[in-house]
Amino acid sequence: MNLFWETRKLTQAREDHLTCFIAAALKTDVAFAAAYTGLVLPCFALGGKLPRIVDVDTQVSFVYERCRPDMMLMLEDGRRVICEHKVDSPETIQMTMEGDKLQQLERYLALPGIAGLIYFRSAPATVGKEILDHPLYISPQDAPHFQWRDLHAPLASSASPLCQWLKQGFDRLGFTPPVAHIGELWPDESEVVKQNQSNFGKLWQATRGRLSDVYRISAARRCELYLYPLRQALISWAYISPLAQSGSLLRIRLDTSEAALAAVQQRVDTVIEQLPVRPEVKVCQLPNGRAYLELSPLQLLLGTGTSAAEHEARLFAQVQPVLNAVCNDAESHSWSSLKMDVSGLLLDLDDKFEDIVVQTKDFLHNEEHKSHSLAKMRKQHHV
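Note that the coordinates shown come from a computational prediction; the quantities given were computed from them, not determined experimentally.

1. Concerning the overall build of the chain
A tally of helices and strands in the chain yields 14 helices and 15 strands. Residue burial in the chain is summarised as follows: out of 383 residues, 41% are buried. Pairs at least 24 apart in sequence give 55% of the contacts found in the chain among residues at least 6 apart.

If you want it as structure tokens, here you go:
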């Protein structure tokens, strides 16, 4: 049993849940704490020696400032470092007494008695220059903030059950380094990353070839796919991308209607056990109200093999059952649609028949009236 993963299912407060497990690992695992310190606190070294974390607290309340950072590290030299942990949610905004809007990191950097602020996210996000230039803000040399995947190696190096639970959870959530033989896939700001995306795009050949009789398939960017059903289906379109969460998640997004959402979810639930990697299925909504489902980790799917043919086959095996499940019911759906169309046609015919009957009666009545009038005129003329 993996307690991190099993208890995660019991709460919607996923960021707080993750924070509690990280804090517990830091407090109980000396090796992980040392690796964590070497990763995030090298700027705190004195005389070449890194400070030791002597205590960790979570949800620390600064009452007067109305702030509650996710975690606080107490170092052996008395310095205190606060940590803000995000998965997907944005920074919160708070109004000051003067009516100004302050972002979360900006408020935390102004807290009294702190020696530094560390920021973790699941994927790259923009951090303002005023934050990056602040003397208390701690970040990697080549990134605006830390990512959860940065902790994957420190967790993997520990044999403790707690760290192994976290590491396995990170694998499933996609908090993993790039697949070594594929390379970085995001952000696509360099020619190297763009080439990596193009190379990944070639791995969709089996999927494109074997699903082309069911879907019209078009490329997006260099390694993403849009699939539009060629026959009646429960979805409007599907979107597949390996770029989610800095290229660590394979996102399968199924766009559907509110009316069909339950049926789509039921179909997906029946096939996920067949997939190479069981995804965590989420029901989400676009800003326009359209519903969709997603996703699964990329590194766990591709594994450590370097064979392009193997990758191509595993990608196809991950997406094909899902796409077939929501588009393999053409016959029954067509029959349902046909029955609806026939029923509608019969109702229309009934209405039209009634109209014809009414019109016929009116016509006969008018003809009868004309006949009487004509007979009367003839009689008067004869007299």
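2. Some thoughts on the nonpolar core
Grouped together as the largest cluster of nonpolar side chains are 39 residues, with contacts concentrated most on Phe200, Tyr215, Leu227, Leu254 and Leu323. Breaking this core down by element, the ones donating at least two residues are β9 (215-220), β10 (224-229), β11 (235-243), β12 (249-256), α11 (261-271), α12 (298-302) and α13 (308-325). The element that contributes the greatest number of residues to this core is α13, accounting for 6 residues. With sequence-adjacent residues up to four places away left out, tyrosine 215 is seen in contact with Leu227, Tyr228, Pro229, Leu230, Ile235, Leu323, Val326 and Cys327. Counting residues in hydrophobic clusters, the runner-up holds 36 residues, among them Phe4, Ala25, Trp148 and Cys163.

3. Regarding unusual backbone geometry
In the segment running from tryptophan 186 into proline 187, the intervening peptide bond is cis, with an omega of 0°. Mapped onto the elements of the fold, proline 187 is located in the loop between α7 (161-173) and α8 (191-201). Of note, arginine 66 is a non-glycine position whose phi angle comes to about 55°, a positive value. Inspection of the secondary structure puts arginine 66 in the loop between β1 (53-58) and β2 (71-75). Positive phi values are uncommon outside glycine, yet arginine 221 reaches one of about 50°. Along the chain, the position of arginine 221 falls in the loop between β9 and β10.

4. Quick notes on the packing of helix α2 (residues 14-28) against helix α3 (residues 30-40)
Where α2 meets α3, the closest approach of the two axes is 6 Å, and the angle between their N-to-C directions is 110°. Looking at the two axes, α2 sits roughly perpendicular to α3. Contacts between α2 and α3 involve Ile22, Ala25, Leu26 and Thr28 from the former and Val30, Phe32, Ala33 and Tyr36 from the latter. In the contact of α2 with α3, the residues fall into 7 nonpolar, 1 polar and no charged.

5. Here we look at the environment of arginine 172
Structurally, arginine 172 can be placed in helix α7. According to the relative accessible area criterion, arginine 172 is partly exposed, its value standing at 33%. Between the C-alpha atom of arginine 172 and that of arginine 278, which follows or precedes it by 106 residues, the distance is 8.6 Å. In this view, arginine 172 contacts Trp5, Arg278, Pro297 and Leu300; residues no more than four positions away in its chain are not counted.

6. Some details on the packing of aromatic side chains
Under the definition given, this model contains 12 aromatic pairs. Look at tyrosine 226 and tyrosine 228: their rings are 6.4 Å apart centre to centre, the planes differ by 20°, and that puts the pair in the stacked class. Since its relative accessible area comes to 26%, tyrosine 228 is described here as partly exposed. Ring centres of tyrosine 226 and tryptophan 237 lie 5.8 Å apart, and the angle between their planes is 70°; this geometry places the pair in the edge-to-face category. Taken as a pair, tyrosine 226 in strand β10 and tryptophan 237 in strand β11 lie far apart in primary sequence, 11 residues in all. An aromatic cluster is present here, built from Phe32, Tyr36, Phe120, Phe146, Trp148, Phe170 and Phe175 joined pairwise through their rings.

7. Some remarks on the pattern of salt bridges
For the coordinates displayed, the defined rule picks out 15 salt bridges. One salt bridge connects aspartate 77 with arginine 79, and the closest N-O pair in it is separated by 2.6 Å. On the basis of relative accessibility, which here comes to 35%, the residue aspartate 77 falls in the partly exposed class. Overlapping salt bridges, with partners in common, bring together Asp188, Arg221, Arg222 and Glu224 in one network.

8. Observations regarding the packing of α2 against α7
Running from amino to carboxyl end, α2 crosses α7 at an angle of 145°, the nearest separation of the two axes being 9 Å. In the crossing of α2 with α7, the sense of the turn from one axis to the other is left-handed. Contact with α2, carried on its side by Leu18, Phe21, Ile22, Ala24, Ala25 and Thr28, involves Leu162, Cys163, Leu166 and Phe170 of α7 and no other residues of that element. Tallied by class, residues from the contact of α2 with α7 come to 9 nonpolar, 1 polar and no charged.

Reading the values: rules and limits
- Residues numbered from 1 in each chain as written.
- Predicted model: local features only at pLDDT ≥ 70, side-chain atom pairs only at ≥ 80, totals over all residues.
- Heavy atoms only, no water.
- Helix = DSSP H or I, 4+ residues; strand = E, 2+ residues; numbered from the N terminus.
- Buried < 20%, exposed > 50% of the residue type's maximum accessible area, 1.4 Å probe, protein only.
- Contact = heavy atoms within 4.5 Å.
- Core = buried A, V, L, I, M, F, W, Y, C linked by side-chain atoms within 4.5 Å.
- Axes fitted to C-alpha atoms, helices over the stretch in contact; angles between N-to-C directions.
- Parallel < 35°, antiparallel > 145°, perpendicular 65-115°, else oblique.
- Nonpolar A, V, L, I, M, F, W, Y, C, P; charged D, E, K, R; others polar.
- Phe/Tyr/Trp six-rings, centres within 6.5 Å; stacked < 30°, edge-to-face > 60°.
- Salt bridge = Lys/Arg side-chain N within 4 Å of Asp/Glu carboxyl O.
- Left-handed = near helix turned anticlockwise from the far one by under 90°.

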